[in-house]
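Chain residues, written in single-letter form:
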2 protein chains.
Amino acid sequence: MASETVSIIKSIYADNNSIAAKINASFTARKIFAVNVLGAPGTGKTSVIAGVIARIKDRPVTVIEGDIESDIDTKLFASRGVDAFQINTHGGCHLDAKMMDKALAAHPLRDNSVVFIENVGNLVCPAEYEIGEHMKLLVVSAAEGSDKPYKYPLAFQKAGIIVLNKADLKVHVDFNDKFFYDGVKAHNTTAKIFEVNAKKGDGIDALAQWLINVAAH
Amino acid sequence: MASETVSIIKSIYADNNSIAAKINASFTARKIFAVNVLGAPGTGKTSVIAGVIARIKDRPVTVIEGDIESDIDTKLFASRGVDAFQINTHGGCHLDAKMMDKALAAHPLRDNSVVFIENVGNLVCPAEYEIGEHMKLLVVSAAEGSDKPYKYPLAFQKAGIIVLNKADLKVHVDFNDKFFYDGVKAHNTTAKIFEVNAKKGDGIDALAQWLINVAAH
């Protein structure tokens, strides 16, 4: 890459992180707890969020949906009475702090709320951009196979919590538990890990309780 | 984005496409047929490639594996006697034409061969970069759900062939055939579509025969 390109890319990260830090400080001051939900397409990010927020009873909840195009999941949440709004990146492979800043100006959050930001489905790029969150929640699907930590290390490194969803599909895809957990541990020894089936609700109580506790502190 | 940034991004695409065009012309002149295999992490790109190449009997075959890190799949192919080599992007979310150019200089392909290039698992960025291929093969997994064409349109638009893998998992994930196929048709009316289970071999004969015929012309 030309040095001019490298310096512009560095400046893109620096600009992004500076805006993200401001958003994060504002959230913290207003007792808003923000979770950046990462994962490849179709791992069940939406179902995990839906399961968790149904168990949050004592604080306001907002869901921000990030998608390249469409507003399928925002409509789903709205139809259930959840405060939800959409950010479309129109081709962009991740949310960034500028998009968040603009969206938050148009849709202010409530003090003391918990906000889940569902990033664009992509196990690579979203992990590189801070968007003001307090924690990254990574959703992986058992159907993706057990080698993902080795192939996509950054998302596993940066996650504060890792949710292995569709755990019931393990038997159909020769999922290797040891290989998966060894891979996770090689990149991240502190993340809390939950195995769930979000659509059926299996494991969601424990996941939600853990998040509720973290959000309270 | 600043206009300087926009112009550099435009120039990145133009540089890339110019190199890709040269690679493509060289492939064509040497009767090499190149397939760029796209898809999200864990959709079964490697298994689809393995199934197809086992059925190619009359031409040399090479597999180029694109991964951020690791060489798990290259080792797998090599252990089976397949000519395979690795491109690691070390953080990069897609293969580009420069990486291909460099790799091909180190590992020249054989005349009249068929080459499968497994891109980084990512349903977004790889669709934006030509790498010298004659055709894009998109692998999606039934376990990802049926809404992917709506959320990730570019990969579906650019595919010459779409493989719906892990079709046996449809029943476990409420896969909606009509919604999926309506979404595909909204973006692409010409792509050939196959439903398969690559690990079990279901549907691979027809897929391989179609690709063998295309590669011969």
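As the structure is a computational prediction, the values presented were derived from the model and not from experiment.

Asker: Kindly report on the overall build of chain A, identifying the contributing residues and their values.
Answerer: Along its length, chain A carries 8 helices and 7 strands. A globule of 217 residues ought to have a C-alpha radius of gyration of about 17 Å, and chain A, at 17 Å, matches this closely. Taken over the C-alpha atoms alone, chain A extends approximately 50 × 45 × 35 Å along its principal axes. A burial count over chain A gives 46% of its 217 residues as buried. For chain A, restricting intrachain contacts to residue pairs at least 6 apart in sequence, the fraction spanning at least 24 positions comes to 74%.

Asker: Please provide a residue-by-residue account of the sheet that holds strand β3 (residues 83-88) of chain B, values included.
Answerer: What holds strands together in a sheet is hydrogen bonding between their backbones, with the strands either parallel or antiparallel. Residue and element names in this part refer to chain B. If you walk across this open sheet you meet the 7 strands as β3-β2-β4-β1-β5-β6-β7, and the pairing is parallel. The open sheet has two edge strands with one neighbour each: β3 and β7 (192-195). Geometrically, the sheet is characterised by an average inter-axis angle of 20° between neighbouring strands, direction not taken into account. When strand β5 (residues 135-141) meets strand β6 (residues 161-165), the two strands line up parallel, connected through 5 bridges. Each residue of the ladder has a partner; that of L137, found in β6, is I161. Sitting on the sheet, helix α3 (residues 72-79) is in contact with β2 (61-67), β3 and β4 (114-118), with an inclination near 170° to β3.

Asker: Can you lay out the relation of the copies chain B and chain A for me, pointing to particular residues and giving the numbers?
Answerer: At an RMSD of 0.0 Å, chain B and chain A line up after a rotation of 180° and a shift of 0.0 Å along the axis. The superposition of one copy onto the other is thereby described by a two-fold rotation axis. Taken together, the interface assignments show that 100% of the residues at the interface of chain B recur at the interface of chain A, consistent with an identical surface on both copies.

Asker: Please provide a residue-by-residue account of the interface of chain B and chain A, values included.
Answerer: In this complex, chain B contributes 30 residues to the contact, which on the side of chain A involves 30 residues. Its residues assigned to classes, the side of chain B that touches chain A comprises 15 nonpolar, 8 polar and 7 charged.

Asker: Please provide a residue-by-residue account of the environment of V171 of chain B, values included.
Answerer: Residue and element names in this part refer to chain B. On the secondary structure map, V171 appears in the loop between β6 and α7 (177-187). The exposure class assigned to V171 is exposed, which follows from the 9 C-beta atoms found within 10 Å. Along the sequence, V171 and A142 sit 29 residues apart, while their C-alpha atoms lie 9.2 Å from each other.

Asker: Report on the sheet that holds strand β7 (residues 192-195) of chain A, specifying residues and quantitative values.
Answerer: All names here are of chain A. Spatially, β3-β2-β4-β1-β5-β6-β7 is the arrangement adopted by the 7 strands of the open sheet, whose pairing is parallel. Two strands bound the open sheet, and with one partner strand each, they are β3 (83-88) and β7. Neighbour-to-neighbour, the strand axes of the sheet open up by a mean angle of 20°, direction not taken into account. Together, β2 (61-67), β3 and β4 (114-118) form the strand contacts of helix α3 (residues 72-79), whose direction differs from that of β3 by roughly 170°. Each of β1 (33-38), β4, β5 (135-141), β6 (161-165) and β7 is contacted by helix α8 (residues 204-215), which is oriented at about 155° to β7, the strand it contacts most.

Asker: Describe the pairing of β5 of chain B, naming the residues involved and giving the relevant values.
Answerer: Note on strand geometry: in a regular strand, side chains alternate between the two faces of the sheet. All names here are of chain B. Extensive coverage of β5 is indicated by the burial of 6 of its 7 residues. The pairing of strand β1 (residues 33-38) with β5 spans 4 bridges and is parallel. Across the sheet, residue V37 finds its bridge partner in β5, namely L137.

Asker: Describe helix α7 (residues 177-187) of chain A, listing the residues and the values that go with them.
Answerer: Residues and elements named next belong to chain A. When we look at burial in α7, the residues that qualify are F180, G183 and V184. The buried residues of α7 occupy one face: seen down the axis, they fall within an arc of 100°. Where α7 is buried, its residues touch α5 (148-151), α6 (153-158), β6 and β7.

Asker: Break down the nonpolar core for me, citing the residues and quoting the values.
Answerer: In terms of nonpolar packing, the biggest core is built from 116 residues, with I117, L138 and V163 of chain A together with I117, L138 and V163 of chain B touching the most fellow members. Among all residues touching V163 of chain A, those that are not within four sequence positions of it are V48, L137, L138, V139, F194, V196 and L207 of chain A.

Asker: Lay out the environment of S146 of chain A with the relevant residues and their values.
Answerer: Residues and elements named next belong to chain A. With respect to the element layout, S146 can be found in the loop between β5 and α5. Accessibility expressed as a C-beta count within 10 Å gives 23 for S146, which makes it buried. The spacing of S146 and D177 is 31 residues in sequence and 7.0 Å in space, taken between C-alpha atoms. Setting aside anything within four residues of it in sequence, one finds S146 in contact with F175, N176, F179 and F180.

Reading guide: rules and limits
Residues numbered from 1 in each chain as written. Chains lettered and ligands numbered in written order. Predicted model: local features only at pLDDT ≥ 70, side-chain atom pairs only at ≥ 80, totals over all residues. Helix = DSSP H or I, 4+ residues; strand = E, 2+ residues; numbered from the N terminus. Rg over C-alpha atoms; globule rule 2.2 N^0.38 Å. Buried ≥ 20, exposed ≤ 12 C-beta atoms within 10 Å, placed from the backbone. Contact = placed C-beta atoms within 7 Å. Pairing = 2+ DSSP bridges. Axes fitted to C-alpha atoms, helices over the stretch in contact; angles between N-to-C directions. Least-squares fit on C-alpha atoms with pLDDT ≥ 70 in both. Nonpolar A, V, L, I, M, F, W, Y, C, P; charged D, E, K, R; others polar. Arc of directions from axis to C-beta. Core = buried A, V, L, I, M, F, W, Y, C linked by C-beta atoms within 7 Å.

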